[in-house]
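As a plain string of letters, each chain reads:
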Amino acid sequence: HGLEHRALREQLPEELTARDFTAEPGWAEAYAEQLDRAVAAWDDPAVWDGEVPLGTERMPAADIASMIVKEMAVHGWDVAAATGGTFRVSDGAARFVLDVVDTHAELYRRYDGFADPVDVPEDAPAFDRALAHSGRDPRRSTA
């Protein structure tokens, strides 16, 4: 919901931020439908111009869009790790996600979106470093 509302430059209602969507029947299908609406909202080239309100701050629209990719990759890994599934991203996507995580890590931590970083070797794969920098332990890897 947040990604769609930000594309539309609309305030996200408090009810949506406090709601546990996963407790509702059909939540997975509803999530997929909402993700489709968010992606469709960002499909309009005009949405990529200017800045988007983000709490009390503003951020370039392209930065918000990059967070969409990061959200799908990191939370996709969360689900796979929690359910014993497999989740992989291409090397290019992994480097992109790492850059997004590193660029916005302090913002995410300010809003309790990331935990403290987890130590990994400097030569760890890019996606493992992205996970670790976001406070996730890539040793729970789904690979």
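Counting from 1, residues in each chain are numbered in the order their sequence is written. It should be noted that, the model being predicted, local features are given only for residues of pLDDT at least 70 and side-chain atom pairs only at 80 or more, the latter also being counted only at that level, while totals for whole chains, interfaces and linings use all residues. The side-chain quantities take in all heavy atoms of the structure and omit both hydrogens and water.

### Remarks on the overall build of the chain
Working step 1: The way it works is that DSSP assigns letters per residue, a run of H or I at least four long becomes a helix, a run of E at least two long becomes a strand, and they are numbered from the N terminus. Helix and strand counts for the chain stand at 6 helices and 2 strands.
Working step 2: Computation of the radius of gyration draws on C-alpha atoms, with the globule rule given as 2.2 Å multiplied by the number of residues to the power 0.38. For 143 residues, the compact-globule estimate of 2.2 N^0.38 gives 15 Å, and the C-alpha radius of gyration of the chain, at 16 Å, lies within 12% of that figure.
Working step 3: Projected onto the principal axes, the alpha-carbon positions of the chain cover approximately 40 × 35 × 25 Å.
Working step 4: Between buried and exposed lies partly exposed: a residue is buried under 20% and exposed over 50% of the maximum accessible area for its type, with that area taken using a 1.4 Å probe on protein chains only. The proportion of buried residues among the 143 residues of the chain is 35%.
Working step 5: By definition, residues are in contact when any of their heavy atoms lie within 4.5 Å. In the chain, the proportion of contacts linking residues at least 24 apart, taken out of those at least 6 apart, comes to 57%.
Working step 6: Counted as positive: Lys and Arg. Counted as negative: Asp and Glu, with His and the chain ends omitted from the count. Every charge is mapped to an atom, namely NZ of Lys, CZ of Arg, CG of Asp or CD of Glu. If you average the places of the 14 positive and of the 28 negative side-chain charges in the chain, the two averages end up 2 Å apart.

### Focus: helix α5 (residues 91–110)
Working step 1: Helix length check: α5 (20 residues) gives 28 Å between terminal C-alpha atoms against 28 Å at 1.5 Å per residue, within 8%.
Working step 2: Along α5, the sharpest kink reaches roughly 60°, centred on H104.
Working step 3: For α5, the full list of buried residues reads A94, V97, L98, V100, V101, H104, A105, L107, Y108 and R109.
Working step 4: If you follow the buried residues of α5, they end up packed against β1 (51–54), β2 (57–60), α4 (61–83) and α6 (126–133).
Working step 5: Positive phi shows up at D112, right after α5, with a value of about 60°. Here, expected helix span is obtained from the residue count minus one, scaled by 1.5 Å. At any given residue, the bend is defined as the angle formed between two axes, one fitted to the seven residues that end at that position and one fitted to the seven that begin there.

Structural measurements only, silent on function.
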